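Now for the letters of each chain:
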Amino acid sequence: MKDVALHFLSVVAGTLRDVVPVIAILLVFQVLVLRRAVPNPRRTLLGMIYVLLGLALFLDGLDEALFPLGRLMAEQLTAPEFIYEAGAAVPAAVAWQDYAWVYAFGAAIGFATTVAEPSLIAVALKAQQVSGGTITTWGLRMAVAIGVAAGIGLGTFRIVTGTPLHWYIMAGYVVVVVQTFFAPREIIPLAYDSGGVTTSTVTVPLVAALGLGLAGTIPGRSPLIDGFGLIAFASLFPIMSVMGYAQLGELRARRRRRERSGS
Amino acid sequence: MRQFLRQVLRSVADSARDVAPIVAVVAFFELVVLQQPVPNLGRILYGAVLVVLGLAVFIRGLELALFPLGESMADGFVRKGSLAWLLVFAFGLGFGTTVAEPALIAIADEAAAVAAQAGALENSEEARAGYALGLRLTVALSVGAAIVIGVIRILKGWPIQYFIIAGYVLVVGMTGMAPKEIVGIAYDSGGVTTSTVTVPLVTALGVGLASGIRGRNPLVDGFGLIAFASLTPMIFVMAYGMLR
């Protein structure tokens, strides 16, 4: 019990270190530059305590349970004993089909961690509020999560096959640029933003462990060149899926209008 | 009181729904694919409860403090009308929140260790610490610059895609020239910069600025700051790799 309390306190301290610079900057500018009192000081203070406490609980829970297990599973799934018969040597040239469970795990864990990502929830809440409900919190989050799933799935496939990272990233950029010309104007900034928010507290630690584990076990892959880069996939693909989500919505609205005018 | 309780229960239920997929994925792979018993089941359940509660409390704090604060700052700067101070604030917010970001510290240390192992760097404590610190400062600088550029864009109402596409072209061009071992780290550093506290604040700031300025649409002009903050670190980190 004492251990648990101590551990929680250390997580609170860590979160505090994360939050204090933000609060300091806000206060300095609010008081010295804007010369305004903080609106609703009691409410704001209570909210800040909620943010601090909530984040600490959240991170402590992840540390306590999900991260160790997730890392262990990433190791087990990429271990040669799981993929080949026990005792069999890893062939010098790996066949990409042998790693199907790794891709599936990457995609599934990418999806699941994105749904729980607090910064994405924040952006989605704001988007729903600002768009007057044409973009829903749930729809946006699903679109982003599907994008991350596709990204991590493809990213693990890339590590296994050893194809160069920049081919994928450049091809992805080309798709994004082309989509930008056809997507509804209102979604574009939001789509670009969702690339950045997907990868923070929950997704990065698990995904990085998966990438480094995979690059470490496959012969000929270097953790330095191949292990990193998964996060780049996780930030690129949501841009496409969010623009796709908006394009789909527009298409559906247009079809509905046509049906109505036709009947 | 009853209404309050109902509200609390609802937000906890929402968070439980958000966390459920992770539990499902982990359980499926552990039991069906790896066919191993879950170690420390009690501890994992305890952790999951903490995650659900934490998420619910955090979201409440978001609505009570972070969103209103970001909006009030945006409103204050629009009223004050001083572009210089707004840009100083934008830079400070980006730099200050990034330089101490734990995820960034972790990835910088990791990058230094890996670079030293590969022989790209002298394998000593000092050399590694220097490399990691340089990387951290580079990323923090890039995020500060990103928020400044993003705020100017909101004020002017320029379409975001030209910036992002130009940035991508730059990233692609630099990828060809930068040392190979920095490329993966550069791509990843774009993803780790935006922390859970910064994102809601920066989003509220952008939307607040766009709502406060006549002729700007909060949806089209207000979002996009995060996008800048994930793009510039790639450019700056590759430049760091090329110059050092």
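Just so it is clear, the structure is predicted and the values come from calculations on it, not from any experiment. (Residues numbered from 1 in each chain as written. Chains lettered and ligands numbered in written order. Predicted model: local features only at pLDDT ≥ 70, side-chain atom pairs only at ≥ 80, totals over all residues. Heavy atoms only, no water.)

## Brief notes about the overall build of chain A
At step 1: Counting its secondary structure elements, chain A contains 11 helices and 0 strands.
At step 2: When the helices and strands of chain A are placed in sequence order, the string is α-α-α-α-α-α-α-α-α-α-α.
At step 3: When the backbone C-alpha atoms are referred to their principal axes, chain A occupies close to 70 × 70 × 35 Å.
At step 4: Here the contacts in chain A between residues at least 6 apart in sequence split such that 79% fall between residues at least 24 apart.
At step 5: Looking at chain A as shown, the accessible area adds up to about 11300 Å², and 66% of this sits on carbon and sulfur atoms. (Helix = DSSP H or I, 4+ residues; strand = E, 2+ residues; numbered from the N terminus. Contact = heavy atoms within 4.5 Å. Areas by Shrake-Rupley, 256 points an atom, 1.4 Å probe, with all protein chains shown as cover.)

## Thoughts on the confidence of the model for chain A
At step 1: Looking at chain A, pLDDT values average 83 and 92% of them are 70 or higher.
At step 2: Highest mean pLDDT in chain A belongs to helix H6 (residues 137-161) of chain A (92); lowest belongs to helix H10 (residues 223-227) of chain A (68). (pLDDT = per-residue confidence, 0-100.)

## A look at the environment of Val204(A)
At step 1: With respect to the helices and strands, Val204(A) occurs in helix H9 (residues 203-217).
At step 2: For Val204(A) and Phe181(A), which are 23 residues apart along the polypeptide, the C-alpha to C-alpha distance reads 30 Å.

## Observations concerning the layout of surface pockets
At step 1: In this structure, the second largest pocket encloses a volume near 640 Å³.
At step 2: Lining the second largest pocket are 24 residues, and of these Gln7(B), Ser11(B), Ala56(B), Ile59(B) and Arg60(B) lie nearest its centre.
At step 3: For the lining of the second largest pocket, the secondary structure elements donating two or more residues are helix H2 (41-78), helix H5 (118-130) and H6 of chain A together with helix H1 (2-33) and helix H2 (41-80) of chain B.
At step 4: Looking at the lining of the second largest pocket, the element that brings in the most residues is H1(B), giving 10 residues.
At step 5: Grouping the amino acids of the lining of the second largest pocket by side-chain chemistry returns 13 nonpolar, 4 polar and 7 charged. (1 Å grid on protein atoms, 1.4 Å probe; cavity = no way out; pocket = protein on both sides within 12 Å on 5 of 7 lines; lining within 4 Å. Points joined across faces, edges and corners; volume = space filled by probe spheres on them. Nonpolar A, V, L, I, M, F, W, Y, C, P; charged D, E, K, R; others polar.)

## So, the interface of chain B and chain A
At step 1: Of the residues lining the interface, 96 residues belong to chain B; the matching set on chain A comes to 93 residues.
At step 2: Both faces considered, chain B and chain A share a buried interface measuring about 8500 Å² in area, 79% of it formed by carbon and sulfur atoms.
At step 3: Summed over the shared surface of chain B and chain A, the result is 3 salt bridges.
At step 4: Across the pair Glu64(A) and Arg43(B) runs a salt bridge, and its minimum N-O distance is 2.8 Å.
At step 5: For the interface between chain B and chain A, the tally reads 7 residue pairs in polar contact (both at pLDDT 80 or more).
At step 6: Sorting elements by how many residues they give to the side of chain B that touches chain A places H2(B) first, with 30 residues. (Buried area = accessible area lost by both parts, 1.4 Å probe. Salt bridge = Lys/Arg side-chain N within 4 Å of Asp/Glu carboxyl O. Polar contact = N/O pair within 3.5 Å; in protein donor to acceptor, adjacent residues only side chain to side chain.)

## Focus on the nonpolar core
At step 1: Judged by nonpolar contacts, the single largest core of 150 residues is most densely connected at Phe105(A), Ile187(A), Tyr192(A), Phe89(B) and Tyr187(B).
At step 2: It is H2(B) that provides the largest number of residues to this core, a total of 14 residues.
At step 3: Counting contributing residues, this core receives three or more from each of domain 1 (1-67) and domain 2 (78-262) of chain A.
At step 4: Leaving out residues up to four positions away in the same chain, Tyr192(A) has contacts with Val176(A), Thr180(A), Ile239(A), Met243(A), Ile160(B), Gln161(B), Ile164(B) and Ala227(B). (Core = buried A, V, L, I, M, F, W, Y, C linked by side-chain atoms within 4.5 Å. Buried < 20%, exposed > 50% of the residue type's maximum accessible area, 1.4 Å probe, protein only. Domains from an automatic or database assignment.)

## What about the domain arrangement of chain A?
Residue and element names in this part refer to chain A.
At step 1: Assigned domains of chain A: these are domain 1 (1-67) and domain 2 (78-262).
At step 2: The C-alpha-based centres of domain 1 and domain 2 are spaced at 30 Å.
At step 3: In this complex, domain 1 contributes 5 residues to the contact, which on the side of domain 2 involves 6 residues.
At step 4: For the pair domain 1 and domain 2, the interface holds 0 salt bridges.
At step 5: At the boundary of domain 1 and domain 2, one finds 0 residue pairs in polar contact (both at pLDDT 80 or more).

## Quick look at H9(A)
At step 1: Under the 1.5 Å per step criterion, the end-to-end length of H9(A) is 21 Å for 15 residues, consistent within 8% with the ideal 21 Å.
At step 2: Among the residues of H9(A), Thr203(A), Val204(A), Leu206(A), Val207(A), Ala209(A), Leu210(A), Gly211(A), Leu214(A) and Ala215(A) are the ones counted as buried. (Expected span 1.5 Å × (residues − 1).)

## As for empty space enclosed by the protein
At step 1: Tallied over the entire structure, the rule returns 2 cavities of 30 Å³ or more.
At step 2: In this model, the largest cavity occupies a volume close to 200 Å³.
At step 3: Considering the residues around the largest cavity, the lining is formed by 18 residues, among which Ser235(A), Ile239(A), Tyr168(B), Ser230(B) and Met234(B) are closest to the centre.
At step 4: Elements supplying a minimum of two residues to the lining of the largest cavity: helix H7 (165-182), helix H8 (187-197) and helix H11 (230-262) of chain A together with helix H6 (160-177), helix H7 (180-192) and helix H10 (225-243) of chain B.
At step 5: Looking at the lining of the largest cavity residue by residue, the classes come out as 12 nonpolar, 6 polar and no charged.
At step 6: If you go around the second largest cavity, you meet 13 residues; those closest to its centre are Ile147(B), Thr194(B), Thr198(B), Val202(B) and Ala229(B).

## Observations concerning a nonpolar patch on the surface
At step 1: Together, Leu27(A), Val28(A), Val31(A) and Leu32(A) make up a nonpolar patch on the protein surface, roughly 350 Å² of accessible area in all.
At step 2: Structurally, Val31(A) is set in helix H1 (residues 2-33). (Patch = residues over 30% accessible without salt bridge, like charges linked within 9 Å, V, L, I, M, F, W, Y side chains within 5 Å.)

## Concerning the environment of Ala112(A)
At step 1: Here Ala112(A) lies in helix H4 (residues 100-115).
At step 2: In contact with Ala112(A), other than residues within four places in its own chain, are Pro21(B), Ile22(B) and Val25(B).

## A short note on the pattern of salt bridges
At step 1: By the definition in use, this model includes 8 salt bridges over all chains.
At step 2: Between Asp18(B) and Arg141(A) there is a salt bridge, with its nearest N and O atoms 2.8 Å apart. Of this pair, Asp18(B) sits in helix H1 while Arg141(A) sits in helix H6, placing the two residues on different chains. Side by side, Asp18(B) and Arg141(A) carry an identical accessibility label, which is buried.
At step 3: Residue Glu250(A) pairs with Arg254(A) through a salt bridge whose shortest N-O separation is 3.6 Å. Taken together, the residues Glu250(A) and Arg254(A), both in helix H11 and 4 residues apart, mark about one turn of the helix.
At step 4: One salt-bridge network, held together by shared partners, links Arg141(A), Arg17(B) and Asp18(B).

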